[in-house]
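What the coordinates show
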Amino acid sequence: MAASFANVNSEAGLKKLDEYLLSRSYITGYQASKDDLAVYSSFSAAPASKYVNVSRWFSHIDALVRLSGITAEGQGVKVESTAVPSASTPDVADAAAPAADDDDDDDVDLFGEETEEEKKAAEERAAAVKASGKKKESGKSSVLLDVKPWDDETDMAKLEEAVRSVKMEGLLWGASKLVPVGYGIKKLQIMMTIVDDLVSVDTLIEDYLCAEPVNEYVQSCDIVAFNKI
């Protein structure tokens, strides 16, 4: 069943979404999808910074949208109209539970089949680009990294600041969160979007993240997920 969210432009809706994103990087799955785009599109303005998890997610999706990097189909998501009162806001945790009186026919198909006119327009645009001799854009990838500190005394705020200080053409840092490892130690999980022809993840890790001055805080890095987009 598709996840359902209340009016994200209301305080109640934002609070519920912030709680939902506390343990998630995306609305569904492990990479940005049309579910994220559906929720992102329902915002009338960027969320307030006090909603830490929503702000982190919104900034990441906003960056991906600018790079046209969202292609995954997702699992389907419903976002209620801004006219829905906050009192009727359903718990996000209940979104996965089946409801006896749900009617699948009432679901709004946000990403339905293309019409013949849309297909024709797309074909014409593709033909125009080909005719102009425009160089094909390099492929992009979404990468999730585990960044591990030296010990429990490592300042994780400074560790993340050091990681994000690495700048390369074709590299865009995204959402991040701290994940407990054990014995009081936490690791940094951070998303990044790269242009494949410009950025080598192995080189980034070996020559930048595990080299001076970043290695003052970073012990090692592991690739958790690597997806073409």
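Residues numbered from 1 in each chain as written. Predicted model: local features only at pLDDT ≥ 70, side-chain atom pairs only at ≥ 80, totals over all residues. Heavy atoms only, no water.

What the UniProt record of the chain gives under Subunit (unreviewed entry) is the line "EF-1 is composed of 4 subunits: alpha, beta (1B-alpha=beta'), delta (1B-beta), and gamma (1B-gamma)." Here the chain is described in UniProt, under the heading Function (unreviewed entry), as follows: "EF-1-beta and EF-1-beta' stimulate the exchange of GDP bound to EF-1-alpha to GTP." (UniProt positions renumbered as here; feature names shortened; annotations may be inferred.)

As for the overall build of the chain
Check the secondary structure of the chain and you find 6 helices and 6 strands. In the chain, the order of α-helices and β-strands from amino to carboxyl end is β-α-α-α-β-α-β-α-β-β-α-β. (Helix = DSSP H or I, 4+ residues; strand = E, 2+ residues; numbered from the N terminus.)

Overview of helix H5 (residues 156-164)
All of the buried residues along H5 are Met156, Leu159, Ala162 and Val163. Down the axis of H5, the smallest arc covering the buried residues is 115°, so these residues share one side. Opposite the buried face of H5, at more than 90 degrees from it, the exposed residues are Ala157 and Glu161. Turning to H5, the residues buried within the fold contact strand S3 (140-149), strand S4 (171-182), strand S5 (185-195), helix H6 (201-209) and strand S6 (218-228). For H5, the N-terminal cap is aspartate 155; the gap from its side-chain oxygen to the backbone nitrogen of alanine 157 is 3.0 Å. (Buried < 20%, exposed > 50% of the residue type's maximum accessible area, 1.4 Å probe, protein only. Arc of directions from axis to C-beta. Contact = heavy atoms within 4.5 Å. Polar contact = N/O pair within 3.5 Å; in protein donor to acceptor, adjacent residues only side chain to side chain.)

Describing the packing of helix H2 (residues 34-41) against helix H3 (residues 52-66)
It is at 10 Å that the axes of H2 and H3 come closest, and there the two elements cross at 110°. In this view, H2 runs roughly perpendicular relative to H3, as classed from their interaxial angle. Here Asp36, Leu37, Val39 and Tyr40 of H2 come into contact with H3, specifically with Trp57, Phe58, Ile61, Asp62 and Val65. Tallied by class, the residues present in the contact of H2 with H3 amount to 7 nonpolar, no polar and 2 charged. (Axes fitted to C-alpha atoms, helices over the stretch in contact; angles between N-to-C directions. Parallel < 35°, antiparallel > 145°, perpendicular 65-115°, else oblique. Nonpolar A, V, L, I, M, F, W, Y, C, P; charged D, E, K, R; others polar.)

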